[in-house]
Amino acid sequence: MADFPQSLFFFPLLLATSIVCIVISVFRAGPARVPHMNVLRAGVVILACGGALELVTYYVMSFQFLRFSFFEFSLLAFTLCMLYVWNSESREIREQLISQSKFRKMAYRDELTGILNRAAYEREAEKWAQAQTPFYLFMVDLNGLKRINDTRGHQAGDVFICNAVSLLKQVAGAPGQLFRFGGDEFIIILPGSGESAEALYRFLQPYIRPNDGSLHPCFSVGYAAFDPADGEDLHSVLRRADKRMYACKSRLRASE
């Protein structure tokens, strides 16, 4: 430390200017701009004091026999303060990223059932369509949800919805994806052949019935195929499945 200032005559001016600039920049910044400002300011004060003592003892009082440097000790303390600030900020950034990830997941999840919602359907269906992969789209509508809500309360209606979702999750299986499209409407995207779609429909067949007032699952179902070779867009496929679902619902109402 002593040899370097002797070989560089403007080192005192450079050191003093640097310390003044650091002090001004830190103390002019508001706490909202820099987290952990108090720790950072403490480190700057220690650095400034160490630099000042270094200048005074060496250049004014000519204490050349000292075997230690005030500036080196203060620089070490300042570095420790900066490490603390960096570590704290890194932890806060990680926590913010985790929170943002949770919020993003929540944006694509139905709060009541925990399954994917309509926004997730639009995202995933578009991915399937862009991949030019054939799949079947099932539109499933719960029968009698409004009547259950009106006669037994919304809590019973929520139980009815959750019971239906539990069944539909089993039906969709690992290759399929289940979405809550609306209040009582659900969509299943099922990859595979027509045999897979027919098997799924046969599994749902016992539950395609009018609501008997109980909370057991009962649906109206319609499905349609998306084949990129046909040149049909995704919305047209959804309309066909929806139209068939309402035709199923009309037949069930007529049979009551």
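Student: Looking at this structure, how should I read the confidence of the model for the protein?
Tutor: For the protein, the mean per-residue pLDDT works out to 78, and 65% of the residues sit at or above 70. Confidence over residues 4–8 falls short of pLDDT 50; this stretch has five contacts with residues more than four positions distant or in other chains.

Student: Would you take a moment to explain the pairing of strand 2 (residues 177–180) for this structure?
Tutor: For a regular strand, the rule is simple: side chains alternate between the two faces of the sheet. Side-chain alternation along strand 2 places Gln177 and Phe179 on one buried face and Leu178 and Arg180 on a second face that is also buried. Judged from the four bridges that link them, strand 2 and strand 3 (residues 185–191) form a sheet pairing that is antiparallel. Residue pairing across strands places Gln177 opposite Ile189, the latter belonging to strand 3. The antiparallel pairing of strand 2 with strand 3 creates a hairpin that spans four residues between the two strands.

Student: How should the layout of surface pockets be read in this particular structure?
Tutor: Remark: the empty space left among the atoms is shown by a probe the size of a water molecule rolled over them. Of the volumes computed, that of the largest pocket is approximately 240 Å³. Lining the largest pocket are 16 residues, and of these Leu142, Asn143, Gly144, Lys249 and Arg253 sit closest to its centre. Those elements giving two or more residues to the lining of the largest pocket turn out to be strand 1 (135–142), helix 6 (145–152) and helix 9 (234–255). Looking at the lining of the largest pocket element by element, the count peaks at four residues for helix 9.

Student: What is the right way to look at the pattern of salt bridges in this model?
Tutor: Two side chains that carry opposite charge are able to pair once their charged atoms sit near each other. Applying the stated criterion across every chain, the model contains seven salt bridges. The shortest N-O distance in the salt bridge between Arg118 and Glu122 comes to 3.8 Å. A residue pair is termed a helical-turn pair when its members lie 3 or 4 positions apart in one helix, as Arg118 and Glu122 do in helix 5 (residues 118–130) at four residues. The residue Glu124 makes a salt bridge to Arg123 at a minimum N-O spacing of 3.3 Å. With a relative accessible area of 12%, Glu124 lands in the buried category. Accessibility expressed as a relative area gives 32% for Arg123, which makes it partly exposed. Residues joined by salt bridges that share partners form a network here, namely Arg123, Glu124 and Lys127.

Student: Can you walk me through the nonpolar core in this structure?
Tutor: Of all hydrophobic cores here, the largest spans 30 residues; its most connected members are Phe138, Leu168, Leu178, Phe186, Leu204 and Phe219. Those elements that place two or more of their residues in this core are strand 1, helix 6, helix 7 (154–172), strand 3, helix 8 (194–204), strand 4 (219–226) and helix 9. With nine residues, helix 7 is the largest single contributor of residues to this core. Among all residues touching Leu178, those that are not within four sequence positions of it are Ile115, Leu116, Val165, Leu168, Lys169, Ala172, Phe186, Ile187 and Ile188.

Student: Would you mind going over helix 8 with me for this structure?
Tutor: Count 3.6 residues to each turn of an α-helix, and residues three or four apart come out pointing the same way. For helix 8, every residue scored as buried is listed here: Ala197, Leu200 and Leu204. Projection of helix 8 onto a plane perpendicular to its axis shows the buried side chains occupying an angular sector of 65°, all on one side. Opposite the buried face of helix 8, at more than 90 degrees from it, the exposed residues are Glu195 and Arg202. Contact partners of the buried residues in helix 8: strand 1, helix 7, strand 3 and strand 4.

Student: Which parts of the structure should I look at to understand the packing of helix 6 against helix 7?
Tutor: In a pair of packed helices, the angle between the axes and the distance between the axes together describe the arrangement. Packing of helix 6 against helix 7 leaves a shortest axis separation of 7 Å and a crossing angle of 145°. Contact residues: Leu145, Ile148, Asn149 and Arg152 in helix 6; His154, Ala156, Gly157, Phe160 and Ile161 in helix 7. Per-class residue counts for the contact of helix 6 with helix 7 are five nonpolar, three polar and one charged.

Student: Any chance you could explain the sheet that holds strand 3 here in plain terms?
Tutor: Backbone-to-backbone hydrogen bonds join strands into a sheet, with any given pair of strands oriented parallel or antiparallel. Across the sheet, which stays open at both edges, the four strands sit in the order 2-3-1-4 with antiparallel pairing between neighbours. In this open sheet, the two strands that pair with only one neighbour each are strand 2 and strand 4. Within this sheet the neighbouring strands show an average axis-to-axis angle of 20°, counted without direction. Here strand 1 runs beside strand 3; their pairing, made up of seven bridges, is antiparallel. Across the sheet, residue Met139 finds its bridge partner in strand 3, namely Ile187. Across the sheet, helix 5 is in contact with strand 1, strand 2, strand 3 and strand 4; its angle to strand 2 comes to roughly 140°. Along the sheet face, helix 7 touches strand 1, strand 2, strand 3 and strand 4 and points at about 5° away from the line of strand 3.

The rules behind each value
- Residue numbers restart at each chain and count upward from 1, following the sequence in its written direction.
- pLDDT decides what is reported in this predicted model: residues at 70 or higher carry local features, side-chain atom pairs at 80 or more are listed and counted, and totals for whole chains, interfaces and linings draw on all residues regardless.
- Side-chain calculation: all heavy atoms of the structure are included, whereas hydrogens and water are not.
- pLDDT is a per-residue confidence score from the predictor, ranging from 0 to 100.
- Contacts: residue pairs with any heavy atoms within 4.5 Å of one another.
- Accessibility here uses a 1.4 Å probe with only protein chains present; expressed as a share of the type maximum, an area under 20% marks a residue as buried, one over 50% as exposed, and anything in between as partly exposed.
- In DSSP terms, a helix is any run of H or I states spanning at least four residues, a strand is any run of E spanning at least two, and both are numbered starting from the N terminus.
- At least two bridges found by DSSP between two strands is the condition for calling them paired.
- Two kinds of site are reported from a 1 Å grid over the protein atoms alone, namely cavities, where a 1.4 Å probe fits but cannot get out, and pockets, open sets with protein on both sides within 12 Å along at least five of seven lines, and residues are called lining when an atom falls within 4 Å of a point.
- Grid points are joined across faces, edges and corners, and a volume is the space filled by probe spheres set on the points.
- One side-chain nitrogen of Lys or Arg within 4 Å of one carboxyl oxygen of Asp or Glu is enough to make a salt bridge.
- Buried Ala, Val, Leu, Ile, Met, Phe, Trp, Tyr and Cys residues form a nonpolar core when they are joined through side-chain atoms within 4.5 Å.
- Picture the helix axis, draw a direction to every C-beta atom, and the arc is the one those directions span.
- Axes here mean lines fitted to C-alpha atoms, for a helix over just the part in contact, with angles spanning 0 to 180 degrees between N-to-C directions.
- Gly falls in the polar group here, along with every residue not listed as nonpolar (Ala, Val, Leu, Ile, Met, Phe, Trp, Tyr, Cys, Pro) or charged (Asp, Glu, Lys, Arg).

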